[in-house]
Amino acid sequence: MGVYSSVDYHRTMNFDGVRNPAYERAIRDAVTPKGVVLDLGAGLGMLGFLAARAGARKVYLVEPEPVIEVTRKVAEANGLDNVECIQATAETLELAETADIILSVFTGNFLLTEDLLPSLFYARDHFLAPGGRLMPDRGRMMVAPVSMPAYYQKNVENWSLAQASTHGVESYGIDYQVARSYMANSMFYDSAKNFDVRMLASPACLMEMDFMTATRAECDGSVDSVCNESGECHGWLGWFDMRLGERWLSTAPGAESTHWRQVFMPLEKPFVVEAGQKLGFSLK
């Protein structure tokens, strides 16, 4: 990834008007004048710069991509002499001291996508000082059964020639019915602004993870939900919450929008549910 494409990749996170204030509050509450902060996967350095401005003695910005050269120039332009930029991964990083706080944005969509949490655990075990803190330090995977007829039609049913023709989608006489089963077994990551959703039950916590003690980043969980209204169930919607300091930040469809997206997990065949009906969900 070149410098330009890397900058473009990090731009969305850098101007996230919901995520950044949440981090800023937690950083401001935790940083001390003698503190050392490690911003892991720093990108353009926003979180580390906030720690530097909050008065940390030393801030290490660690990023494996060439964008770190842009970040270094930004630090110099802002007179942040307490910031050091290092191009490395967590696994190749060498530091002369441990950190009192490790900042990261290694929570992917639905918490586990991107598979970055193992690198956070590595950094925690090698670079976090005794009594140090992670930000975020906990995460939880949330799910709910949903009715999403239009989204299901567009992404699953339209692969059937008959269904596509009925809904005005031109397939030029080519039947993609065999592809439908693949679509019905896919996970669709999308922003809530791109779909209409009706939750059929209250959100349930599928799995909660303590980043301070976890050693593996995987999910093997089950949860039961009781429907609080009737309707056609097209699948399950998932998202995650994470804890920054004393506050939780949610990426739920009804929360303020961030750069993170929700995930729709469709059913092979939608079915009608009744209020009071219990549904089981498992994810491995």
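Now for a quick tour of the structure. (Residues numbered from 1 in each chain as written. Predicted model: local features only at pLDDT ≥ 70, side-chain atom pairs only at ≥ 80, totals over all residues. Heavy atoms only, no water.)

1. Focus: the nonpolar core
Using the following cut-off: Within this scheme, the nonpolar core is defined by two criteria: the residues are buried Ala, Val, Leu, Ile, Met, Phe, Trp, Tyr or Cys, and they are joined through side-chain atoms within 4.5 Å. Note on exposure labels: buried denotes an accessible area under 20% of the residue type's maximum, exposed denotes more than 50%, and partly exposed covers the range between, all computed with a 1.4 Å probe on protein chains only. We call two residues in contact when some of their heavy atoms are within 4.5 Å.
Core analysis: the biggest nonpolar cluster contains 75 residues, and Leu38, Val83, Ile102, Leu117 and Met141 have the highest contact counts within it. Those residues in contact with Ile102 that sit more than four places away from it in its chain are Leu38, Leu40, Leu120, Ala123, Arg124, Phe127, Leu128, Arg133, Leu134 and Met135. Of all hydrophobic cores here, the second largest spans 14 residues; its members include Met142, Ala144, Leu237 and Trp239.

2. A few points about the side chain of Asn20
What counts here: Put simply, DSSP H or I for four residues or longer makes a helix, DSSP E for two residues or longer makes a strand, and each gets a number counted from the N terminus.
Mapped onto the elements of the fold, Asn20 is located in helix α2 (residues 19–30). If near-sequence neighbours (up to four positions away) are discounted, Asn20 is found in contact with Met13, Asn14, Phe15, Met46, Leu47 and Leu50.

3. Concerning helix α8 (residues 177–184)
Applicable threshold: An arc is given here, and it is the one of the directions from the helix axis to the C-beta atoms.
The set of residues buried in α8 consists of Ala179, Arg180 and Ala184. In a view along the axis of α8, the buried residues occupy a sector of 145°, so they form one face of it. Projecting away from the buried face of α8 at angles above 90 degrees are the exposed residues Val178 and Tyr182. In this fold, the buried residues of α8 make contact with α6 (149–155) and β13 (262–273).

4. Thoughts on the pattern of salt bridges
Note the following rule: Any Lys or Arg side-chain nitrogen found within 4 Å of a carboxyl oxygen on Asp or Glu counts as a salt bridge.
Evaluated as defined, the whole model comprises 15 salt bridges. For the salt bridge of Arg180 with Glu157, the shortest nitrogen-to-oxygen distance reads 3.1 Å. Of this pair, Arg180 sits in helix α8 while Glu157 sits in the loop between α6 and α7 (161–166), and the two are 23 residues apart along the sequence. Judged on exposure class, the residue Arg180 and its partner Glu157 are both buried. For Arg198, the salt bridge goes to Glu229, with nearest N and O atoms at 2.4 Å. On the criterion of sequence distance, the pair formed by Arg198 in strand β8 (residues 198–199) and Glu229 in the loop between β10 (221–226) and β11 (231–244) is long-range, its members being 31 residues apart.

5. Focus on the environment of Ser104
With respect to the helices and strands, the residue Ser104 is situated in strand β4 (residues 99–104). Classification of Ser104 by relative accessible area gives buried; the value is 2%. Spatially, the C-alpha atoms of Ser104 and Leu267 are 34 Å apart, while their sequence positions differ by 163 residues. Once residues within four sequence positions are removed from consideration, Ser104 is found in contact with Tyr23, Leu40, Leu120, Met135 and Pro136.

6. So, unusual backbone geometry
Of the consecutive residues Met135 and Pro136, the connecting peptide bond is found in the cis state with omega at 0°. Within the secondary structure, Pro136 sits in the loop between β5 (128–135) and β6 (138–147). For Glu114, which is not glycine, the phi torsion reads 85° and is therefore positive. Judged by relative accessible area, which is 48%, Glu114 ranks as partly exposed. One non-glycine residue with positive phi stands out, namely Asp115, at about 55°. Topologically, Asp115 is positioned in the loop between β4 and α5 (117–127).

7. Structural notes on α5
Buried residues of α5: Leu117, Ser119, Leu120, Phe121, Ala123, Arg124 and Phe127, and no others. Where α5 is buried, its residues touch β1 (36–40), β4, β5 and β9 (204–210).

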